[in-house]
Each structure stands twice: as C-alpha cells, then as structure tokens.
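# Structural characterization, general
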Amino acid sequence: MKVFRPTADNTPTDFLNPLGEDRNEAKGEIRGEAPFVEQTRQQFEKIKQNETDQIRFQQKKLQNSNYQIINFKVKPTDSSDSQAFFFRDLNTSTAVGSPMTDGIMFGQNLPTADIDVSEAKYYNIVYANCRYADNVNTGGNNWLLNPSYIEFFTMQKLAGGGNTLGGKIPRQIEAVAVATSSGVEFTADGTEYGVQNFAVDVFNGNVYYNQTKDLNGIRCCGIALKRVALNFESATTVSNIELDVEIGIDLSTEGNNY
C-alpha cells in the first residue's frame, strides 16, 4: 500500500484542493461592498444633509422671533351702491383639485403672471383678525352690526404646479351629517362643507388658534375668500369700505408638505 507523504510543495491541502480555493467561501460571492449597501448609505447622507439645511434655514429666518404677521386688504369693487348690507360668496363651487381665486398664497413674492403653486410654502396659522373701515366717511355713523364676518378656505398645493393659487384642502377624517327633525338640514360634504375653512368675526375681532405641544394651529400654504357678510347701521357706499386682515403664522413650521 502506497502512503502519500506531504512535502513543502505538496501539502494535504494542495492534494485535496489543488486550485487553492477557499472551500468556506460562497460560490459567486461579490468581492467588496454590495451595491445596495452603498445606495442605502448615500440615501442616509442625503437625509441628514436635508435636515441640516432645514435647521440652518429656520435658524436664519427665525432670528429672535418665530412669529410673522401677514397683512392684506379686502375691498369690494363690484358695486358703488349705497346699501345697509354686503354679502358675497366666492370659491364655494370650486372643486377639490382645482385652483381657487381671490386669495393669498404663502412663500411667493412674484407678479401674478410668474407665480407657481408648486413653489408655495406651508405654515401653521395661529392667529387671525379683521378690522372694518369706511375709508371715505370716517366721521360718519357707518358702524357695523352683528353678525358681520369673513370666511376663508385653507389652501394646499396642486399636483403638477402651475400659474395659479392653490386648491381646497379636504377634511382629513370621515364624517357624516344626519338630520332627524323636520325643518332641520345638515350638510357635511361637497365643495363648501366637505373642505376646511374658518371664519373671523369682524364685529368682535380677534381669533386665536393657539399652539401647544398637542395643537399646532391651522396648516396651509395660503387662504382664499369664502364669504364676506357685513351688516351696517345705516346705508353705506359699498365701494368705500375695506377690510384689513392680519394672519399670524409660526415661521418654525415652514415646510413643503401639508
């Protein structure tokens, strides 16, 4: 019987595996780092960079205050009649997904022809107020009577962008209105009541949407008129009146998403 005797150039390992392969190595294994690992690392790096940029931007914008007042004027121009009331609905029939008119959009400071709804910024509204003035008969008795109020639809970006204002924000929860008594009607859907809107009592003044750790105000990228309802003590020339609106927003809530 011939016995194999190992030598320096011919070890048992060479005899059993003459090609020198590592039998513990999986066949077809890719040497080095797998592509998906590098891809995942790059994604995490991008997320961290975005967060850093957002923090840096907010700190620059906040400075010593995170509170910003946006002021604008609403003035009827479609009538010069003298009357004891003014009532006008706007945007109430606009469908969800379609642009609204007669509003203000946040994050844009361009001529109307150059605005792009996709570039708007979202903020949380924490305060709203509206003041009435007759800019001609300042010494007269054209006082407001109750009820007098102004309503706004909240605004969101529209898919595809475009040279428009934003659209309505649908209610985020399911709700149903049921009327069981004769002479009573409930409505909780449609283009007026199935979307989000809020009112400011012009007669009584301020409305606060206070922020707490659990309540963060009204989030939107702008607001559009829903209704203006004014009652006057005596007949007033409608084209002489104006409403000065102020909206308080929390700058620290700025973002590109609802």
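One structure accompanies this document, and this report is about it. The written sequence of each chain sets the order in which its residues are numbered from 1. The predicted origin of the model limits local features to residues at a pLDDT of at least 70 and limits the giving and counting of side-chain atom pairs to 80 or more, whereas totals for whole chains, interfaces and linings rest on all residues. The side-chain values count all of the structure's non-hydrogen atoms but skip hydrogen atoms and water molecules.

## Examining the overall build of the protein
- In terms of regular secondary structure, the protein is built from 3 helices and 11 strands.
- Secondary structure elements are taken from DSSP: a helix is a run of H or I of four residues or more, a strand is a run of E of two residues or more, and numbering for both begins at the N terminus. When the helices and strands of the protein are read in sequence order from the N terminus, they spell out α-α-β-β-β-β-β-β-α-β-β-β-β-β.
- For every residue, the accessible area obtained with a 1.4 Å probe (protein chains only) is divided by the maximum for its type, and the residue is called buried under 20%, exposed over 50%, and partly exposed between those limits. Every one of the 258 residues in the protein was classed for burial, and the buried ones make up 34%.
- Contacts are assigned to residue pairs that have any heavy atoms within 4.5 Å of one another. Sequence separation of at least 24 residues holds for 83% of the intrachain contacts in the protein that already meet a minimum separation of 6.

## Structural notes on the nonpolar core
- Here the nonpolar core consists of buried residues drawn from Ala, Val, Leu, Ile, Met, Phe, Trp, Tyr and Cys, with membership extended through side-chain atoms lying within 4.5 Å. Counting residues in each nonpolar core, the largest one holds 33 residues, and the members touching the most others are Ile-125, Ile-150, Ile-223, Leu-230 and Leu-243.
- Ranked by residues supplied to this core, first place goes to strand β11 (residues 241-255) with 6 residues.
- The next biggest cluster of nonpolar side chains, apart from the first, holds 13 residues, and it includes Met-155, Leu-158, Leu-165 and Val-195.

## Quick look at the layout of surface pockets
- Here the term cavity refers to a set of points on a 1 Å grid, laid over the protein atoms alone, in which a 1.4 Å probe fits but cannot get out; the term pocket refers to an open set having protein on both sides within 12 Å along at least five of seven lines, with lining residues being those that place an atom within 4 Å of a point. Grid points are joined across faces, edges and corners, and a volume is the space filled by probe spheres set on the points. Of the volumes computed, that of the largest pocket is approximately 330 Å³.
- Contributing elements (two or more residues each) for the lining of the largest pocket: β1 (67-74), β2 (82-89), β3 (103-105) and β10 (222-237).
- Looking at the lining of the largest pocket element by element, the count peaks at 4 residues for β10.
- Residues that form the lining of the largest pocket fall into these classes: 11 nonpolar, 2 polar and 5 charged. Under the convention adopted here, Pro, Cys and the residues Ala, Val, Leu, Ile, Met, Phe, Trp and Tyr are nonpolar, Asp, Glu, Lys and Arg are charged, and Gly plus all remaining residues are polar.

## Some thoughts on unusual backbone geometry
- Here the residue pair Asn-146 and Pro-147 is connected by a cis peptide bond, since its omega of 5° sits within 30 degrees of zero.
- Along the chain, Pro-147 turns up in strand β5 (residues 144-156).
- With a phi angle near 55°, Asp-102 is a residue other than glycine that sits in the positive phi range.
- Relative to the helices and strands, Asp-102 resides in the loop between β2 and β3.
- Note on Asp-102: relative accessible area 45%, which makes it partly exposed.

## Let's talk about the packing of aromatic side chains
- Two aromatic rings from Phe, Tyr or Trp, using only the six-membered ring of Trp, form a pair when their centres are within 6.5 Å; if the ring planes differ by under 30 degrees the pair is stacked, by over 60 it is edge-to-face, and anything between is tilted. Within the structure shown, the criterion is met by 5 aromatic pairs.
- Measuring from ring centre to ring centre gives 6.2 Å for Phe-72 and Phe-152, while their planes differ by 85°; the resulting arrangement is edge-to-face. Taken as a pair, Phe-72 in strand β1 and Phe-152 in strand β5 lie far apart in primary sequence, 80 residues in all. By the burial criterion, Phe-72 is buried, and Phe-152 matches it.

## Things to note about the environment of Leu-145
- Inspection of the secondary structure assignment puts Leu-145 in strand β5.
- Considering only alpha carbons, one finds Leu-145 and Glu-233, 88 residues apart in sequence, at a separation of 6.0 Å.
- Excluding residues that lie within four positions of it along the chain, Leu-145 makes contacts with Phe-203, Asn-231, Phe-232 and Glu-233.

## Observations concerning the pattern of salt bridges
- What counts as a salt bridge is simple: a side-chain nitrogen of Lys or Arg found within 4 Å of a carboxyl oxygen of Asp or Glu. Taken as a whole, this structure holds 6 salt bridges when the rule is applied.
- A salt bridge links Glu-192 to Lys-226; its shortest N-O distance comes to 3.0 Å. Placement of the pair is Glu-192 in helix α3 (residues 190-193) and Lys-226 in strand β10, with a sequence separation of 34 residues.
- Via salt bridges that share partners, Asp-89, Glu-151, Glu-192, Lys-226 and Arg-227 belong to a single interconnected network.

## Considerations on the pairing of strand β7 (residues 197-201)
- Burial along β7 is one-sided: the residues Phe-198 and Val-200 are buried and none of Asn-197, Ala-199 and Asp-201 is.
- Following DSSP output, two strands are said to pair if at least two bridges run between them. Pairing geometry for β5 and β7, over 5 bridges, is antiparallel. When the bridges of β7 are listed, Glu-151 appears paired with Ala-199.

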